[in-house]
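# A look at the structure
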Amino acid sequence: MADVFPQVAEDFAVDALTGDGLRLRLKVAEKHLRPGGTVSGPSIFALADCAMYLAVLSRIGPVPLAVTTNCSIDFLRKPTAGRDLLCELRLLKLGRRLAVGDALIFSDGTAAPVARATATYSIPPDRPSPTC
């Protein structure tokens, strides 16, 4: 993340890499809050998207042009104030061209999810080396 997205790398921490995904933490700070003191929707979305990005690249290696092609998110309840958010991402499919993942997002220390997301990533085809 520090190499590819230095502008947000310090916002996240990988808590665990699992057999089928990972757990990513959003270190909630003032910049992630919206009026009313809750975590903003764009910050929650970024957590789900970054978790998918890291889960895919942890399996296929650094592929710069792997990109989100679809992401759908449901906001379920207000996050707990003053707590980091955790994203439990599970890869459902990791193919040659597409990866699909499902994410549940929780306030740290709570059992009920605050959001759920489904994301699809496009993995670029291998490109032949240029000949000189």
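Look up: the structure comes first, before these words.
Below or above, wherever it landed, is the structure these notes cover. (Residues numbered from 1 in each chain as written. Predicted model: local features only at pLDDT ≥ 70, side-chain atom pairs only at ≥ 80, totals over all residues. Heavy atoms only, no water.)

## Considering the overall build of the chain
Where we set the bar: Helix numbers and strand numbers start at the N terminus; a helix is a DSSP run of H or I with at least 4 residues, a strand a run of E with at least 2. The reference for a compact globule is 2.2 Å times residues^0.38; the radius of gyration itself is calculated from the C-alpha atoms. For every residue, the accessible area obtained with a 1.4 Å probe (protein chains only) is divided by the maximum for its type, and the residue is called buried under 20%, exposed over 50%, and partly exposed between those limits.
Looking only at helices and strands, one finds one helix and eight strands in the chain. Going from N to C terminus, the chain has its helices and strands arranged as β-β-β-β-α-β-β-β-β. Its C-alpha atoms give the chain a radius of gyration of 16 Å, near enough to 14 Å, the size a compact globule of 132 residues would have. Taken over the C-alpha atoms alone, the chain extends approximately 60 × 30 × 25 Å along its principal axes. For the chain, the proportion of its 132 residues judged to be buried stands at 39%.

## Quick look at the packing of aromatic side chains
The way to describe two aromatic rings as a pair is by their centre distance and the angle between their planes. Heads up, the rule is: Aromatic rings from Phe, Tyr and Trp, taking only the six-membered ring of Trp, are treated as a pair when their centres fall within 6.5 Å; an angle between ring planes under 30 degrees marks them as stacked, one over 60 as edge-to-face, and anything in between as tilted.
Counted by the stated rule, this structure contains two aromatic pairs. In textbook terms, an aromatic cluster arises when at least three aromatic residues are bridged by ring pairs, as seen for Phe5, Tyr53 and Tyr121.

## Brief notes about the pattern of salt bridges
As a reminder of what qualifies: By definition here, a salt bridge exists when the distance from a side-chain nitrogen of Lys or Arg to a carboxyl oxygen of Asp or Glu is within 4 Å.
Within the structure shown, the criterion is met by seven salt bridges. One salt bridge connects lysine 31 with aspartate 11, and the closest N-O pair in it is separated by 2.9 Å. Residue lysine 31 is located in the loop between β2 (21–26) and β3 (33–34), and its partner aspartate 11 is located in the segment before β1 (12–18); the two are separated by 20 residues in the primary sequence. Between glutamate 88 and arginine 23 there is a salt bridge whose closest N-O contact spans 3.4 Å. Of this pair, glutamate 88 sits in strand β6 (residues 85–94) while arginine 23 sits in strand β2, and the two are 65 residues apart along the sequence. According to the relative accessible area criterion, glutamate 88 is partly exposed, its value standing at 33%. Look at arginine 23 and you get partly exposed, because its relative accessible area is 26%. Because the salt bridges share partners, they merge into one network encompassing Asp15, Arg25, Asp84 and Asp108.

## Side note on the side chain of aspartate 49
To keep things clear, this is the line we draw: Residues scored as positive are Lys and Arg, those scored as negative are Asp and Glu, and His as well as the terminal groups of each chain are ignored. By definition, residues are in contact when any of their heavy atoms lie within 4.5 Å.
Relative to the helices and strands, aspartate 49 is located in helix α1 (residues 41–60). Buried aspartate 49, no salt bridge; nearest opposite-charge side chain is arginine 116, N-O distance 15 Å. Not counting the four nearest positions on each side in its chain, aspartate 49 is found in contact with Thr68 and Tyr121.

## A few points about the state of the cysteines
Our working definition: The definition used for a disulfide is geometric: two cysteine sulfur atoms within 2.5 Å.
If you walk through the whole model with that rule in mind, you get zero disulfides. Cysteine cysteine 50 shares no disulfide, and the gap to the nearest cysteine sulfur, in cysteine 87, comes to 9.6 Å. The class for cysteine 50 is buried, based on a relative accessible area of 13%. No disulfide involves cysteine 71; its sulfur sits 9.4 Å from the nearest other cysteine sulfur, which is in cysteine 87.

## Quick word on α1
Counting along an α-helix, one turn takes 3.6 residues, and residues three or four places apart therefore face a common direction. Short version of the rule: Given the number of residues in a helix, its expected span is that number minus one, multiplied by 1.5 Å.
With 20 residues, α1 extends 29 Å between its outermost C-alpha atoms, agreeing within 8% with the 28 Å of an ideal straight helix rising 1.5 Å per residue. Remark: glycine 61 follows α1 within two positions and exhibits a positive phi of approximately 90 degrees.

## Digging into the sheet that holds β6
Adjacent strands of a sheet pair through backbone hydrogen bonds, lying either parallel or antiparallel. Keep this limit in mind: DSSP-based pairing: two strands are paired if at least 2 bridges between them are found. Angles run from 0 to 180 degrees between N-to-C directions of axes, and those axes are lines fitted to C-alpha atoms, restricted for helices to the stretch in contact.
Spatially, β1-β2-β6-β7-β8-β5 is the arrangement adopted by the six strands of the open sheet, whose pairing is antiparallel. Of all the strands in the sheet, the pair left with one neighbour each is β1 and β5 (67–75). In this sheet, adjacent strand axes meet at a mean angle of 20 degrees when their direction is disregarded. Alignment of β6 against strand β7 (residues 98–107), held across nine bridges, turns out to be antiparallel. What sits directly across from leucine 94, in β7, is alanine 99.

Remember that the coordinates give geometry; whether it matters functionally is a separate question.
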